[in-house]
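Chains, contacts and geometry: an overview
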Amino acid sequence: MTSDSEEPGRTTPPAWPGFRSATGRGAAPGQRRVFPGPVPAALRALGDPVRAVDWPSRPAFRSSRLALLDTLCRWQTVRVLAYVRALAAGAADTGLLEGLRVVPGPETAAHPDAHALVEHLEAAALGLPPLLLDAVVRDAGRFVAHNRFSAPIIAAALAADSQPADTDEAAARAGVLTGYWYETPALRGGLALAGSANGFVGSWLWWSASFTYGDPAGGIGITTDPPSPLPAAAALPAWAAPLLAAAATPPMDGA
């Protein structure tokens, strides 16, 4: 990250080889910009699969289903953030790549190794530069704060990213996720985090394919205008507390 004494818009040398960041003099959190670098072919190939989740296509509001949805939201959020870390680093080890390929869903969530895998992905996600976590967490907070209008956006995006077999399945998943958003407020923060993480990756990959470190449009727009505040802890699920704390960490130069 550039220091406040540097000129507005000046980019840093890439402390993380996968991206550069830029900020103007005295820029507030949420006003920094990200310039993606080239994405290695092996990582780019994961760009679509890593956003896929086997979301349910039939509603059920029993406690076991709500717990499953919460697990899928957590898993997908840390999975995508771990992928962002790989993009920022420009590489990933074989173990992380294998973990990223596992699609969250009812069957995989029931596997004995699922908990350990999610914890491994979460550890990778928490190693992200705070700048990048900040972007995703703020965006999720914006969706939760404007919850009356967010459900169709989040649900449609997550359903589309899930790569359903046909349009009927996509519509069913979107409808079910919309219903959970409206009927179960406790799930909104998790759904918003998963949707925001997916959206951030989509932006990263698009910009990296179109521009490399010299984007004339100013890098990824990682916040709203004006920037959204960080959400309160109560607006997010309990498992998101470490992500929120890491996002609020003051950035260091080059980070």
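Owing to the predicted nature of the structure, the values given are computational and were not obtained by experimental measurement. (Residues numbered from 1 in each chain as written. Predicted model: local features only at pLDDT ≥ 70, side-chain atom pairs only at ≥ 80, totals over all residues. Heavy atoms only, no water.)

Observations concerning the overall build of the protein chain
Helix and strand counts for the protein chain stand at 10 helices and two strands. Listing each helix as α and each strand as β along the protein chain from the N terminus yields β-β-α-α-α-α-α-α-α-α-α-α. Counting only residues that meet the buried cut, the protein chain has 48% of its 255 residues in that class. Long-range contacts, defined here as pairs at least 24 residues apart, represent 74% of the contacts in the protein chain between residues at least 6 apart. Just so you have it, the protein chain exposes about 11,200 Å², and 57% of that area is on carbon and sulfur atoms. (Helix = DSSP H or I, 4+ residues; strand = E, 2+ residues; numbered from the N terminus. Buried < 20%, exposed > 50% of the residue type's maximum accessible area, 1.4 Å probe, protein only. Contact = heavy atoms within 4.5 Å. Areas by Shrake-Rupley, 256 points an atom, 1.4 Å probe, with all protein chains shown as cover.)

Regarding the side chain of Ser 150
With respect to the element layout, Ser 150 can be found in helix α7 (residues 147-161). The exposure class of Ser 150 is buried, given its relative accessible area of 4%. In terms of polar contacts, Ser 150 uses its side chain to reach the backbone carbonyl oxygen of Phe 143, at 2.7 Å. Dropping the residues within four chain positions of it, Ser 150 is found in contact with Phe 143 and Trp 181. (Polar contact = N/O pair within 3.5 Å; in protein donor to acceptor, adjacent residues only side chain to side chain.)

Concerning the nonpolar core
If you look at the biggest cluster of nonpolar residues, it comprises 67 residues, and the most contacted ones within it are Trp 55, Tyr 83, Leu 100, Leu 132, Leu 191 and Trp 204. Among the elements of the structure, α2 (63-89), α3 (94-101), α5 (114-125), α6 (130-145), α7, α8 (167-183), α9 (188-210) and α10 (241-247) are those that each provide at least two residues to this core. For this core, the element with the most residues is α2, which contributes 14 residues. The contact partners of Leu 191, leaving out residues within four places of it in the chain, are Trp 55, Cys 73, Ile 154, Leu 158, Leu 177 and Trp 181. (Core = buried A, V, L, I, M, F, W, Y, C linked by side-chain atoms within 4.5 Å.)

Observations regarding the packing of aromatic side chains
By the definition in use, this model includes four aromatic pairs. Ring geometry for Phe 200 versus Trp 204: centroids 6.0 Å apart, planes at 65 degrees, classification edge-to-face. Of this pair, Phe 200 and Trp 204 both sit in helix α9, four residues apart, which is roughly one turn of the helix. Neither Phe 200 nor Trp 204 differs from the other in exposure class; each is buried. (Phe/Tyr/Trp six-rings, centres within 6.5 Å; stacked < 30°, edge-to-face > 60°.)

Remarks on unusual backbone geometry
Phi angles above zero are rare outside glycine, and Gln 163 is one such case at about 55 degrees. Looking at the secondary structure, you find Gln 163 in the loop between α7 and α8. Its relative accessible area of 47% is what places Gln 163 among the partly exposed residues.

Focus on the packing of α3 against α5
Where α3 contacts α5, the axes come no closer than 10 Å and their chain directions differ by 120 degrees. Viewed along their axes, α3 and α5 form a crossing whose handedness is left-handed. Together, Leu 96, Gly 99 and Leu 100 of α3 and Leu 117, His 120, Leu 121 and Ala 124 of α5 make up the contact between the two elements. When grouped by side-chain class, the residues that make up the contact of α3 with α5 number five nonpolar, two polar and no charged. (Axes fitted to C-alpha atoms, helices over the stretch in contact; angles between N-to-C directions. Left-handed = near helix turned anticlockwise from the far one by under 90°. Nonpolar A, V, L, I, M, F, W, Y, C, P; charged D, E, K, R; others polar.)

Section: the side chain of Arg 74
Among the structural elements, Arg 74 can be located in helix α2. A polar contact of 3.1 Å, which involves the side chain of Arg 74, links it to the side chain of Glu 122. Among residues more than four places away in sequence, those in contact with Arg 74 are His 115, Val 118, Glu 119, Glu 122 and Trp 239.

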